[in-house]
Amino acid sequence: MDWTRRTLVGGIASVTVPLAGCSLDSPSDDPTDSGSGGEFEQVQVDGQTLVVGLGELSADTVNVIAPDGTAFASQSVPQGATTVTFDIGLSYAPGEYRVVASTGESTIAETTLTIAPDLEILEVGVGANHLDRMPTGLGNTKSAEALVTVINRGNGPAILEKILFLGGVPNPTTDLQDADEEEASGIFNKAEGASEVTQLVILGNQKDTLYTSRLPFSFHEDGVSCSSDEQTGKFRVVLSTRIEGASATGEYSISYTRSSESGECNIRIN
C-alpha cells in the first residue's frame, strides 16, 4: 500500500482570549534571545490555541507575527498574568511564527515556533469487512460505506472538508469534487447521526477514524462489476481541505471476487 502526505495550508484568522495558570512543556529548547536576557517559559500549540508562558518576564504586550511578516495577533498582559493565549483559528497560514514580548517600546524576549498540520492516511477499509466498527447510524448502507483512519502528526489543526474515493472503486464519489463544501462533504456525522458534516477538525497529534456517507463500495450497472473471476484495480482516497491544492492522498490496490457460496462480492484492499 502506497500513500503520500502533504502539509495542509490555509489563510489567516486570529482572535485573542485570556488564559492564566496553564502549564505545558515548551516545544523549543533554543528560544531566540532578543539580547535583553529574557526568555519565555513556554511557547506551544494546545489544540487550537497558541499558549505563551511568560515565566519571570514582566511584559506589557505580547505580539505574534505571521509567516508572511504581517501582524497575526497582539495582546496586553494583565497585571500578574504569567500566561497569555491566542486563538489560531481554522484558516491560519502554516509556517514559522514570531512571538515577541515587550515593555513599552523595548523587546524583552523573542522566539519562533512553526505551526502547521501534517496529515497522514493510516488505514482505508471496506464497511462490509468491518461491520463491527461501522456506526449504527449508517443503517443498512454501512456495508457499502468505508472507514478512513487519519492522524495529524503536526501541531496545527487540520480542517477537512471532503473525503473522495476516485478511480477503481465500484461507485466513485466524483460528484463531490465540484460540490459546494457547505452542502456536500462525504464525511458521515458520527457525533449527531446526521448524513454529513460540513467540515471536520483534527487537532495536532490527534488520530481519528472517519466514515463515508456516499456508498463508495456500492455496485451499479454502469460501474465496476463483480464476477467469479478476480478483478483488480487501483483507487485513490483524497482528504480535501478548504484551500485549493492542499490535501492528503492515499493510493491503493483493490480486488473483487464473487463468492460462489453467497453470490456476494468480496472486496479486498491491499
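Structure: see above.
Let me sum up the structure you'll find in this document.

Brief notes about the overall build of the chain
And then number 1: A count of helices and strands for the chain gives zero helices and 17 strands.
And then number 2: When each of the 270 residues of the chain is scored for burial, the buried share is 44%.
And then number 3: Taking the intrachain contacts of the chain between residues at least 6 apart in sequence as the baseline, contacts between residues at least 24 apart amount to 64%.
And then number 4: When the accessible surface of the chain is split by element, carbon and sulfur atoms take 43% of a total near 13200 Å².

With respect to the pattern of salt bridges
And then number 1: A full pass over the atoms with the stated rule returns seven salt bridges.
And then number 2: The salt bridge partner of E196 is R214, with a shortest N-O separation of 2.8 Å. Taken together, the positions of E196 in the loop between β12 (158-167) and β13 (200-202) and R214 in the loop between β14 (206-211) and β15 (231-241) put the pair 18 residues apart, joining distant regions of the chain.
And then number 3: For E196, a relative accessible area of 17% corresponds to the buried category.
And then number 4: Members of the salt-bridge network, linked through shared partners, are D175, E196 and R214.

A word on the nonpolar core
And then number 1: By size, the foremost hydrophobic cluster in this structure holds 27 residues, and its most contacted members are F40, L50, V52, V62, F86, Y97 and I115.
And then number 2: Counting residues per element, this core draws most heavily on strand β9 (residues 106-115), at four residues.
And then number 3: Residues in contact with L50, not counting those within four places in the same chain, are V43, Q44, V64, V84, T85, F86, I88, V99, L113 and I115.
And then number 4: Core analysis: the second largest hydrophobic core is formed by 26 residues, L160, V197, I202 and C226 among them.

Here's the deal with the packing of aromatic side chains
And then number 1: In the structure shown here, the tally under the stated rule is six aromatic pairs.
And then number 2: Here F165 and F235 contribute two aromatic rings whose centre-to-centre distance is 6.2 Å and whose plane-to-plane angle is 15°, an arrangement assigned as stacked. Of the two residues, F165 sits in strand β12 while F235 sits in strand β15, which places them 70 residues apart along the sequence.
And then number 3: For F165, a relative accessible area of 0% corresponds to the buried category.

Overview of the environment of S195
And then number 1: Relative to the helices and strands, S195 is located in the loop between β12 and β13.
And then number 2: Relative accessible area serves as the criterion here: at 55%, S195 is assigned to the exposed category.
And then number 3: When the C-alpha positions of S195 and T212 are compared, they lie 9.3 Å apart, and in sequence the two are 17 residues distant.

Rules behind the numbers
Residues numbered from 1 in each chain as written. Predicted model: local features only at pLDDT ≥ 70, side-chain atom pairs only at ≥ 80, totals over all residues. Heavy atoms only, no water. Helix = DSSP H or I, 4+ residues; strand = E, 2+ residues; numbered from the N terminus. Buried < 20%, exposed > 50% of the residue type's maximum accessible area, 1.4 Å probe, protein only. Contact = heavy atoms within 4.5 Å. Areas by Shrake-Rupley, 256 points an atom, 1.4 Å probe, with all protein chains shown as cover. Salt bridge = Lys/Arg side-chain N within 4 Å of Asp/Glu carboxyl O. Core = buried A, V, L, I, M, F, W, Y, C linked by side-chain atoms within 4.5 Å. Phe/Tyr/Trp six-rings, centres within 6.5 Å; stacked < 30°, edge-to-face > 60°.

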